Amino acid sequence: MSSILVVDDDKKIVELLEVYLKNEGYIIFKAFDGEEALSLLGKHSIDLMILDIMMPKIDGLEVCKQIRSMSSIPILMLSARAEDMDKILGLMTGADDYMIKPFNPLELIARVKALLRRSSFKQVIQSSMSDDLRIHSLEINKKHHTVKVEQKYIKLTSIEFNILFLLASHPGRVFSSDEIFERVWKESGYGSKKTVMVHISNLREKLEEATNGEKLIHTVWGVGYKIEK
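Residues numbered from 1 in each chain as written. Predicted model: local features only at pLDDT ≥ 70, side-chain atom pairs only at ≥ 80, totals over all residues. Heavy atoms only, no water.

Draft legend 1. Local environment of the packing of helix H6 (residues 158–169) against helix H8 (residues 193–210). Taken N-terminus to C-terminus, the directions of H6 and H8 make an angle of 80°; their axes are 10 Å apart at the nearest point. In terms of orientation, H6 lies roughly perpendicular with respect to H8. Contact residues: H6 offers Ile159, Glu160, Ile163, Leu164 and Leu167, while H8 offers His199, Ile200, Asn202, Leu203, Lys206 and Leu207. Each residue belonging to the contact of H6 with H8 can be placed in one class, and the counts come to 7 nonpolar, 2 polar and 2 charged. (Axes fitted to C-alpha atoms, helices over the stretch in contact; angles between N-to-C directions. Helix = DSSP H or I, 4+ residues; strand = E, 2+ residues; numbered from the N terminus. Parallel < 35°, antiparallel > 145°, perpendicular 65-115°, else oblique. Contact = heavy atoms within 4.5 Å. Nonpolar A, V, L, I, M, F, W, Y, C, P; charged D, E, K, R; others polar.)

See below:
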């Protein structure tokens, strides 16, 4: 049974989500500010977090950054602001998905289920392949969900790892943003270009930092992304 941490300073929203999520059989933890959220995360085994952006003490973006330094649990961010830049900022801090308030609770439940499926699916991605995949200077282990360069591990989110594994498993092949979104997110890729672009950008930054500037993911303008053989 999966456990979910709901974080929002609006207690009515937290209570509403608690009712819907408990009806689906999830174990629910609640927090009403960023500090409380980080404290609960350190004390309990959490499988997914629903995280509001605008909160007292520590806002959701900062909470997300801190979590990503130590964990790759799925994070669904909530915001009352619909501007595109807010979405990009949320994803750049490591969020896996994003919803605007007011939201349909049933749609949120569907998003939660999809994130949990993807999180568990990471252990069985392309199970017919060897557990170890080596390409250029990278050593990728799908069983343990790890990536390292010269014995140094690179911290990736679940989404970043799945994108990397997809590209590295098919060296030389170009994947469009829609294809990447459909294979990694397991949803329709319509309108996914900016979401994929942000995750690719974060992934590139981490890989280049770990490999002293080696450019592994290439953009084929107007087509998509690839890793060379």
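Draft legend 2. Up close: the sheet that holds strand E3 (residues 48–52). Taken together, 5 strands build an open sheet; the order of strands is E2-E1-E3-E4-E5 and the sheet is parallel. In this open sheet, the two edge strands, each paired with only one partner strand, are strand E2 (27–31) and strand E5 (97–100). Adjacent strand axes in the sheet meet at a mean angle of 20°, parallel and antiparallel pairs treated alike. Pairing geometry for strand E1 (residues 3–7) and E2, over 5 bridges, is parallel. The partner of Ile4 across the bridge, within E2, is Ile28. Lying over the sheet, helix H2 (residues 34–43) contacts E1, E2 and E3, oriented at roughly 140° with respect to E2. (Pairing = 2+ DSSP bridges.)

Draft legend 3. Expanded view of the domain arrangement of the chain. Taken as a whole, the chain is organised into domain 1 (3–127) and domain 2 (132–227). For domain 1 and domain 2, the distance between their C-alpha centroids amounts to 23 Å. In this assembly, 20 residues from domain 1 lie in contact with 21 residues from domain 2. Regarding the contact of domain 1 and domain 2, the summed buried area is about 1900 Å², with carbon and sulfur atoms giving 52% of it. (Domains from an automatic or database assignment. Buried area = accessible area lost by both parts, 1.4 Å probe.)

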